[in-house]
Amino acid sequence: MPKSPKKNKRKPVIITFKRKDKRSTGDDKQEILQSAISSEVNFITSNDFSKQARAVGSGEDIGAVGYDVNRYKAPLLMANLTQDEIDKLKKHKDIARIEADGEMHALDGPGALAQTIPVGVNQVKAPAAWPSSQGEGIKVFVCDTGIDSNHPDLVANLRTGKSFVPTESSTEDFHGHGTHCAGTVAAATNNSQIVGVAPYAYLYPVKVLSSTGSGNWSWLIAALDWIMDKKGARVASMSLGGGGAPQALADMCEAAYDDGVLLVAAAGNSGPGNNTVGFPAKYPHVMAISAVDSSDVIAGFSSRGPEIEVCAPGVSIISTTRGGGTGPMSGTSMACPHVSGVAALAWGSHRGSNNKQVRWLLNTFNDNVGDQDPEKYGKGRVDANTAAFYMGNPPEFVI
């Protein structure tokens, strides 16, 4: 009897292997995979990604290309496989999990309010911190839809990034979300339009969301793998999220965090319900950021829950837009880059510190806001001034 079309159709999956010292044999991940499937898959890694047009599978036409994450805590392969191949692999004793790839989305809110508010940069007290630090040279990786490479407020701080969207090879922003987030982090001091929280930090566009504002979890996993290979990587700013994320993403976030990258993510726009924080913000190795308005009151759309670590402005935030201008957007996506910018300021004045020490600064030096409900506000609204001016060697944040 011929196989059904559904069994032959390829779909993107994330395969988590047992850690190498726990496997029954000394076989490599790729060897295990190829021995169990009938099709040939050519894998690339973060080292040779720049030579490839596409990194991770998304579509029937690229089933022969996969991505290899070679990390001890995240031994992963991502590829397009048929259901028959998946069923066969599930029987292998050295494979821990096979998870379907899923979608994540930019976490902008329901739209800007009619009346704009003062730039959130002032609300987090960034100008007061600038005598101590302006984030000079701190590398912030904006995991988003890309960044407008010609925006006059961004070009001074823009560095070479990477696209992990199979159908969009450049890091140019065809949506606008990433450009807006980038401006909040580090729009330059140039006497034009706006200034970001950390006006001398470096911006690396890491495209993991397409022109539609959506992307696959596997694209983010591949991006984090690439970021870990970048010397001096400091902050990964992730104004994105979704539900039902694979465990492989949690493993990758843990690996990146242990490697020294501070992970900052939007909590989500599923409020006002309780326990609504999405992924990856929900993970303990990621800072979950909720959004407040200009009066430091939790935004109605902002997700909330015990994972919230700190909050930041996220309602009608003015920042850079595609085409060289500025405009308002709302969402926890707008709160996240405020915290990423404050992290760059704190790191700039504590250059000998690691990501866990900078996380401690952000959790310790903040302002009580609203009703101080930790499931809405976390430890409070970030305060760049006190975090940057803290004297001494900060202790490490303990999860």
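All values derive from a computational prediction rather than experimental measurement.

A. Main features of the overall build of the protein. Counting secondary structure elements, the protein contains 12 helices and 19 strands. Computed over the C-alpha atoms, the radius of gyration of the protein is 21 Å, within 12% of the 21 Å expected from 2.2 N^0.38 for a compact globule of 399 residues. The principal-axis extent of the C-alpha atoms belonging to the protein is close to 70 × 45 × 40 Å. Looking at the protein as a whole, 59% of its 399 residues are labelled buried. Considering only residue pairs separated by 6 or more positions, the protein has 77% of its internal contacts joining residues 24 or more positions apart. Total accessible area computed for the protein in this model is approximately 15000 Å², and 48% of it derives from carbon and sulfur atoms. One way to put it: in the protein the 38 positive side-chain charges average out to a point 5 Å from where the 40 negative ones average out.

B. Representation of unusual backbone geometry within the structure. In the segment running from glycine 271 into proline 272, the intervening peptide bond is cis, with an omega of 5°. Here proline 272 is to be found in the loop between β13 (262-266) and β14 (287-292). Going from phenylalanine 279 to proline 280, the amide bond is cis rather than trans, its omega being 5°. You can see proline 280 is positioned in the loop between β13 and β14. The phi angle at glutamine 193 is positive, at roughly 60°, despite the residue not being glycine. Judged by its relative accessible area of 44%, glutamine 193 is partly exposed. Non-glycine residue glutamine 372 carries a positive phi angle of around 60°.

C. Expanded view of the nonpolar core. Core analysis: the biggest nonpolar cluster contains 105 residues, and Val208, Leu220, Ile227 and Leu263 have the highest contact counts within it. Beyond its immediate stretch of four places on either side in the chain, isoleucine 227 contacts Phe141, Cys143, Val206, Ala233, Ala236 and Val261. In this structure, Ile32, Phe43, Ala79 and Ile86 belong to the second largest nonpolar core, which totals 16 residues.

D. Structural view of the side chain of aspartate 68. With respect to the element layout, aspartate 68 can be found in strand β3 (residues 65-70). For aspartate 68, a relative accessible area of 5% puts it in the buried group. Looking at aspartate 68, its side chain comes within polar contact range of the side chain of lysine 29, at 2.9 Å. Ignoring anything within four residues of it in the chain, the contact list for aspartate 68 reads Lys29, Gln30, Phe43, Ile44, Thr45, Leu76, Leu77 and Asp225.

E. The packing of aromatic side chains, seen in detail. For the coordinates displayed, the defined rule picks out 7 aromatic pairs. Relative to tyrosine 204, the ring of phenylalanine 141 lies with its centre 4.5 Å away and its plane at 20°, an arrangement referred to as stacked. Highlighted residues: phenylalanine 141 in strand β7 (residues 139-144) and tyrosine 204 in strand β9 (residues 202-207), separated in sequence by 63 residues. Ring centres 5.2 Å apart and planes at 45° place the aromatic pair phenylalanine 279 and tyrosine 283 in the tilted group. For tyrosine 283, a relative accessible area of 10% gives the class buried. Each residue in the set Phe141, Phe164, Tyr204 and Trp226 is aromatic and connected to the rest through ring pairs, giving one cluster. For the cation-ring pair, arginine 159 lies above tyrosine 202, with the distance from its terminal atom to the ring centre recorded as 3.7 Å.

F. How the structure looks around the pairing of β13. In terms of residue burial, β13 counts as a mostly covered element, since 5 of its 5 residues are buried. Residues of β13 alternate between two faces, with Leu262, Val264 and Ala266 on one and Leu263 and Ala265 on the opposite face, all of them buried. In the sheet, strand β11 (residues 233-238) pairs with β13 via 4 bridges, with the strands oriented parallel. Bridged to alanine 236 within β13 is leucine 263.

What counts, and where the lines are drawn
- Residues numbered from 1 in each chain as written.
- Predicted model: local features only at pLDDT ≥ 70, side-chain atom pairs only at ≥ 80, totals over all residues.
- Heavy atoms only, no water.
- Helix = DSSP H or I, 4+ residues; strand = E, 2+ residues; numbered from the N terminus.
- Rg over C-alpha atoms; globule rule 2.2 N^0.38 Å.
- Buried < 20%, exposed > 50% of the residue type's maximum accessible area, 1.4 Å probe, protein only.
- Contact = heavy atoms within 4.5 Å.
- Areas by Shrake-Rupley, 256 points an atom, 1.4 Å probe, with all protein chains shown as cover.
- Lys, Arg positive; Asp, Glu negative; His and termini not counted.
- Charge placed at Lys NZ, Arg CZ, Asp CG, Glu CD.
- Core = buried A, V, L, I, M, F, W, Y, C linked by side-chain atoms within 4.5 Å.
- Polar contact = N/O pair within 3.5 Å; in protein donor to acceptor, adjacent residues only side chain to side chain.
- Phe/Tyr/Trp six-rings, centres within 6.5 Å; stacked < 30°, edge-to-face > 60°.
- Lys NZ or Arg CZ within 6 Å of the ring centre and 35° of its normal.
- Pairing = 2+ DSSP bridges.

As far as function goes, none of this settles anything; it's purely spatial.
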